Amino acid sequence: MQNLFYLTDEQRAIRDLARDVARERIAPRAAHVDETGEYPQEQLAALAKQGLMGLHIPEEYGGSAAGALAFCLAAEEVAWACASTSTIFLVQNLGGYPILFAGTEEQKRHYLPRIAAGEITAAFSLSESGSGSDAAAVSCTAVRKGDRYIVNGSKMWVTNGSHAGVITVFVTTDRAKRAKGVTALLVEPGLKGFSVGKPERKLGIHGSPTVALHFTDCEVPVANRLGDEGQGFPVAMRTLQQSRPTIGAQAVGIGQAALDAAVSYARERRAFDQPIGAFQGIQFMLADMAIAVHASRLTVHYAAGLIDRGETQTAMESSFAKCLASDSAMKVATDAVQVLGGYGYTREFPVERFMRDAKITQIYEGTNQIQRLVIAQHLLGKL
Ligand code: COS
């Protein structure tokens, strides 16, 4: 076990608790979840039972206020066991942040305790078919009519959108204003005119449903608005800034799982009368994989540590964490498949799943091209 000397006793305890739940209750089901696309309900319930769903939520709203680093430690453990389960675990966080950042006292009291207890899951819906990286180009429209907004349009790629009890949906109240027209609305299932599309068929994270949301003259009460009209974009950006290190943590978990599988195989598998781990070609691959996972973990912890210190300008460090860890996880998982050779390419071993699951971490919560854009903007300023 890594000697992460800077962790507090509480952070260690949370990591160890998450590790126990992940290894006992989540890992044994991971291959089945991948094969069938089954929603990991019991796995999420096991996390909720141990109080791990409210790590990011203040105590006055039923959470444990354990902080960003504690959450990243838990996320890594869950991702080591099952990337699908960890995606929903992360979205609980991503969906909860906008309420925490911009909700009224009443909205916070209504939703956050239920999110913390795992009674409901949350979702975050920003992307559309025509606006992914260009997040300000939202076209799903809300027009105010008395105490309601009439919402029309569709959102895409919403993780957990089919199961969430509350979804923060970013719409536009004035498209010409781009970012300054974006408004955040809380949507619950069952609203008239709101429907969920069928789940996407994806390369990986099969147990984490990804859906479109459709709005046809859907009436959302003005009371469900988060913050002011036109104030949604900074809420989305602040949420992503806070959440991106957690995607890094997920990537570290997948990378560590791939490394562990490769090391264990290299000890056992024999070729030319010796374990393949005795060959320098394999040793150097394993060493590079370990360096990449270790550097990623430290970068993730650094960004999370800044957030825990109350720093608000962490966009660059959050992008470092997300970008480095996800690029590393992709490389490490691909190399693990290589170490396992023909076996690695089959479903008999989990490394091909790690490789498929790792890919999404380079794409969601801002592609790694967008992360580099954010970093370059911080380096260069507006030119
Ligand atoms: N925190 C708070 N506010 C922020 C912010 C942050 N981290 N980053 C930007 N903003 C604010 C800016 O300050 C600006 O407000 P003002 O005009 O009042 O200054 C506003 O948001 C617009 O910012 P900017 O001009 O940088 O927006 P752009 O349209 O250029 O977009 C990128 C910036 C590309 C970084 C943004 O669109 C983005 O992150 N895209 C990826 C979206 C994404 O991650 N999607 C995945 C969804 S979850 S699967």
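Just so we're clear, the structure is a prediction, and the values are computed from it rather than from any experiment.

1. Quick notes on the domain arrangement of the protein chain
Argument step 1. The domain boundaries assigned to the protein chain delineate domain 1 (9-121), domain 2 (123-230) and domain 3 (233-380).
Argument step 2. The centre of domain 1, based on its C-alpha atoms, is set 23 Å off from the matching centre of domain 2.
Argument step 3. Counting residues at the interface gives 23 residues for domain 1 and 21 residues for domain 2.
Argument step 4. Each partner contributes to the roughly 1800 Å² buried at the junction of domain 1 and domain 2, and carbon and sulfur atoms together form 62% of this total.
Argument step 5. Counting every contact that joins domain 1 to domain 2 gives eleven residue pairs in polar contact (both at pLDDT 80 or more).
Argument step 6. Those elements that provide at least two residues to the side of domain 1 that touches domain 2 are helix H1 (9-36), helix H4 (83-102) and helix H5 (105-117).
Argument step 7. Top contributing element to the side of domain 1 that touches domain 2 by residue count: H4, with ten residues.
Argument step 8. Split into classes, the residues belonging to the side of domain 1 that touches domain 2 amount to 13 nonpolar, eight polar and two charged.

2. Topic: the site of the ligand
Argument step 1. Taken together, 18 residues surround the ligand, and among them Ser133, Lys180, Gln241, Arg244 and Gly366 come closest.
Argument step 2. Ser133 is positioned with one of its backbone polar atoms (N or O) 2.8 Å from a nitrogen atom of the ligand.
Argument step 3. Compared with its free state, where it exposes 1000 Å², the ligand has 67% of that area covered by protein.
Argument step 4. At the level of elements, helix H6 (232-268) and helix H10 (368-380) are the ones that each hand at least two residues to the shell around the ligand.
Argument step 5. Residue classes in the shell around the ligand are distributed as eight nonpolar, five polar and five charged.
Argument step 6. Composition of the shell around the ligand by domain shows at least three residues from each of domain 2 (123-230) and domain 3 (233-380).

3. Structural notes on H5
Argument step 1. Compared with the 18 Å implied by 1.5 Å per residue over 13 residues, the 18 Å span of H5 between its first and last C-alpha is a close match.
Argument step 2. Here H5 has its buried residues at Gln107, Lys108, Tyr111, Leu112, Ile115 and Ala116.
Argument step 3. Against the buried residues of H5 lie H4, strand E1 (122-125), strand E4 (166-172), strand E5 (182-187) and strand E8 (225-226).

4. A look at the packing of aromatic side chains
Argument step 1. Throughout the structure, instances matching the rule amount to nine aromatic pairs.
Argument step 2. In this structure an aromatic cluster arises from ring pairing among Tyr265, Tyr343 and Phe349.
Argument step 3. Its end group placed over the ring of Trp80, Arg23 keeps NZ or CZ at 3.6 Å from the ring centre.
Argument step 4. Lying across the ring of Phe101, Arg238 places its NZ or CZ 3.8 Å from the centre.

Conventions used here
- Residues numbered from 1 in each chain as written.
- Predicted model: local features only at pLDDT ≥ 70, side-chain atom pairs only at ≥ 80, totals over all residues.
- Heavy atoms only, no water.
- Domains from an automatic or database assignment.
- Contact = heavy atoms within 4.5 Å.
- Buried area = accessible area lost by both parts, 1.4 Å probe.
- Polar contact = N/O pair within 3.5 Å; in protein donor to acceptor, adjacent residues only side chain to side chain.
- Helix = DSSP H or I, 4+ residues; strand = E, 2+ residues; numbered from the N terminus.
- Nonpolar A, V, L, I, M, F, W, Y, C, P; charged D, E, K, R; others polar.
- Near = heavy atom within 4 Å.
- Areas by Shrake-Rupley, 256 points an atom, 1.4 Å probe, with all protein chains shown as cover.
- Expected span 1.5 Å × (residues − 1).
- Buried < 20%, exposed > 50% of the residue type's maximum accessible area, 1.4 Å probe, protein only.
- Phe/Tyr/Trp six-rings, centres within 6.5 Å; stacked < 30°, edge-to-face > 60°.
- Lys NZ or Arg CZ within 6 Å of the ring centre and 35° of its normal.

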